Amino acid sequence: MSFTQLKSTQVAFLEKHLRGTGREMSAAQAEATYGIQNLRARISELRSIGLRVRKSVNTEGRTAYAVSRRDVFGDQYKLLA
């Protein structure tokens, strides 16, 4: 199993990687590619800081998450740097 080393926190990485890009990520993709073992917890942290997270089912039948560009207050600035 080979995955990318993250140079930031997992939550900051997920905000940058998913927010406003139209990308989705499932738990299996997060673990295999980035070594994020508990994606649901990281998504919960994104929600707790005010980001809008969409949940859908991907083509493999797994839950996938995407993050809206705007947060719950309507702002677009990055919350985590």
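Located above this text is the structure these notes cover.
First things first, this report covers the structure right here in the doc. It should be emphasised that the depicted structure is a prediction, and the values quoted were computed from it without experimental measurement.

Our next topic: the pattern of salt bridges. One pass over the full model with this rule turns up 3 salt bridges. Arg19 is paired through a salt bridge with Glu15; the nearest N and O atoms lie 2.8 Å apart. Judged by its relative accessible area of 0%, Glu15 is buried. Glu45 serves as the salt-bridge partner of Arg42, at 2.9 Å between the closest nitrogen and oxygen. Taken together, the residues span about one helical turn, with Arg42 and Glu45 both in helix H3 (residues 39-48) at a distance of 3 residues. Look at Arg42 and you get buried, because its relative accessible area is 18%.

Once that is clear, we can look at the packing of helix H1 (residues 10-18) against H3. Following both chains from N to C, one finds H1 and H3 inclined at 75°, their axes separated by 10 Å at the closest point. Compared by their axis directions, H1 and H3 come out roughly perpendicular. Residues Gln10, Val11, Leu14 and Glu15 of H1 lie in contact with H3, whose contacting residues are Leu39, Arg42, Glu45 and Leu46. In the contact of H1 with H3, the residues fall into 4 nonpolar, 1 polar and 3 charged.

Turning next to the side chain of Ser26. Mapped onto the fold, Ser26 is located in strand S1 (residues 25-26). The class for Ser26 is buried, based on a relative accessible area of 1%. Every residue in contact with Ser26, bar those within four places of it in the chain, is listed here: Leu39, Asn58, Arg62, Thr63 and Ala64.

Turning next to the packing of aromatic side chains. Taken as a whole and judged by the stated rule, the model has 1 aromatic pair. Ring geometry for Phe13 against Tyr34: centres 4.7 Å apart, planes inclined by 50°, an arrangement best described as tilted. In this pair, Phe13 sits in helix H1 while Tyr34 sits in helix H2 (residues 27-34), placing the two residues 21 residues apart along the sequence. Like Tyr34, Phe13 is buried.

With that settled, the discussion passes to H1. The buried count for H1 comes to 7 of 9 residues, which makes it a mostly enclosed element. Along H1, the positions that sit buried rather than exposed are Val11, Ala12, Phe13, Leu14, Glu15, His17 and Leu18. Of the surrounding secondary structure, the elements contacted by the buried residues of H1 are S1, H2, H3, strand S2 (51-57) and strand S3 (63-71). One or two steps after H1, the chain reaches Gly20, where phi turns positive at roughly 70°.

Criteria and cut-off values
Residues numbered from 1 in each chain as written. Predicted model: local features only at pLDDT ≥ 70, side-chain atom pairs only at ≥ 80, totals over all residues. Heavy atoms only, no water. Salt bridge = Lys/Arg side-chain N within 4 Å of Asp/Glu carboxyl O. Buried < 20%, exposed > 50% of the residue type's maximum accessible area, 1.4 Å probe, protein only. Helix = DSSP H or I, 4+ residues; strand = E, 2+ residues; numbered from the N terminus. Axes fitted to C-alpha atoms, helices over the stretch in contact; angles between N-to-C directions. Parallel < 35°, antiparallel > 145°, perpendicular 65-115°, else oblique. Contact = heavy atoms within 4.5 Å. Nonpolar A, V, L, I, M, F, W, Y, C, P; charged D, E, K, R; others polar. Phe/Tyr/Trp six-rings, centres within 6.5 Å; stacked < 30°, edge-to-face > 60°.

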